[in-house]
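Chain and residue survey
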Amino acid sequence: MEPVLRTEIPGVPAPRRGKVRDIYDLADRLLIVATDRVSAFDVILPDGITDKGKILNRISLFWFRQMEDIVENHIISSNVEEFPSPFTNYRDMLEGRSILARKASVLPVECIVRGYLSGSGWKSYQAEGMVCGITLPAGLKESSKLPEPIFTPSTKAEEGHDINISFEETKNILGEKNAEKVKELALRVYDKASSIAEKKGIIIADTKMEFGVIDNKIILVDELLTPDSSRFWSKANYREGVAQDSFDKQIIRDYLISTGWDMKSPAPHLPPEIIAKASARYKEIFRILTA
Ligand SMILES: Nc1ncnc2c1ncn2[C@@H]1O[C@H](COP(=O)(O)OP(=O)(O)O)[C@@H](O)[C@H]1O
Ligand SMILES: [Mg+2]
């Protein structure tokens, strides 16, 4: 089966296309379609992974439901039959990969929570002993578990890579009240997710979530705790002091690095075996988490 790289619905204005999602604007609501596009190093790759959008959409739906006692989310329906016309007529294209969502005004800060030291957190710790202005104990290694999970926000850059910011800067951007609220909610979501995943043998090293405001109320939007937004590690294989194999597009990133690509558009094509391996990883984490 071919991957769904972009959607087009006759009779409605073209969607806004994010790196992964096609977003149809329906005034106070959005029809959000998770395509099979893959981005790496913030560049959209020429190839997709068949059904990746469906898998990530189902993982998000699973987590949104788990978090309902902590925070409301943007989902209205994931059932194509409940979508407005003409979307309801495009079941084959949309089923499993689409949601009807409440349109929120998205808070311009990526809410990242880290329980382990990896990626940009590890880099920043090595350089200055802290992450987003939070000083961490000396002697931590790559992939070390942190004494407690930390809130390490970043700004949503219009182009290029996101920039880590301190909590002070977060307050300047969001206002003190909203900054405190999203920090509290993000930490609680991470906490609950970690303990659910832990029981299934999965470590959530870190995760990124987005919040939006509707009628003065803060809700979760976008995607939640997917392999695109989180680092999932196998508890059985976990080893402090080295980089971990994660259930995300690491296979793809490693391949791209091996080609010597300059990390600017256009990216090289992926060989079929790399696509197959990445696809298998996505399916595996879906099965483990939702079993
Ligand atoms: N409920 C919502 N209301 C408004 N915007 C939303 C909502 N949910 C998600 N979004 C936005 O839709 C986009 C999702 O598409 P995606 O492909 O993930 O984009 P990006 O390339 O910015 O990551 C993001 O910009 C996200 O902020
Ligand atoms: Mg996104």
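It should be emphasised that the depicted structure is a prediction, and the values quoted were computed from it without experimental measurement. (Residues numbered from 1 in each chain as written. Chains lettered and ligands numbered in written order. Predicted model: local features only at pLDDT ≥ 70, side-chain atom pairs only at ≥ 80, totals over all residues.)

Next up on the list: the site of ligand 1. Close to ligand 1 lie 16 residues; Gly18, Lys19, Arg21, His74 and Val221 are nearest. Counting residues per element, the ones that place at least two in the shell around ligand 1 are strand 2 (21–26), strand 7 (98–102) and strand 15 (202–214). For the shell around ligand 1, the per-class residue count stands at 7 nonpolar, 3 polar and 6 charged. For the shell around ligand 1, the domains that each give at least three residues are domain 1 (16–103) and domain 2 (106–245). (Near = placed C-beta within 6 Å. Helix = DSSP H or I, 4+ residues; strand = E, 2+ residues; numbered from the N terminus. Nonpolar A, V, L, I, M, F, W, Y, C, P; charged D, E, K, R; others polar. Domains from an automatic or database assignment.)

Ranked by internal contacts, the top residues of the largest apolar core, which has 72 residues, are Leu31, Val182, Ala186 and Ile252. Counting contributing residues per domain, this core is built from domain 1 (16–103) and domain 2 (106–245), each supplying no fewer than three. When residues no more than four places from it in sequence are discounted, the contact partners of Ala186 are Cys111, Val113, Phe151 and Met209. (Core = buried A, V, L, I, M, F, W, Y, C linked by C-beta atoms within 7 Å. Buried ≥ 20, exposed ≤ 12 C-beta atoms within 10 Å, placed from the backbone. Contact = placed C-beta atoms within 7 Å.)

The sheet built from 5 strands is open, its strands ordered 1-2-3-7-6 with antiparallel pairing. Each edge of the open sheet is held by one strand with a lone partner, namely strand 1 (16–17) and strand 6 (75–77). Of the pairings in the sheet, the one linking strand 3 (residues 29–34) to strand 7 comprises 5 bridges and is antiparallel in character. The partner of Leu30 across the bridge, within strand 7, is Ala101. (Pairing = 2+ DSSP bridges.)

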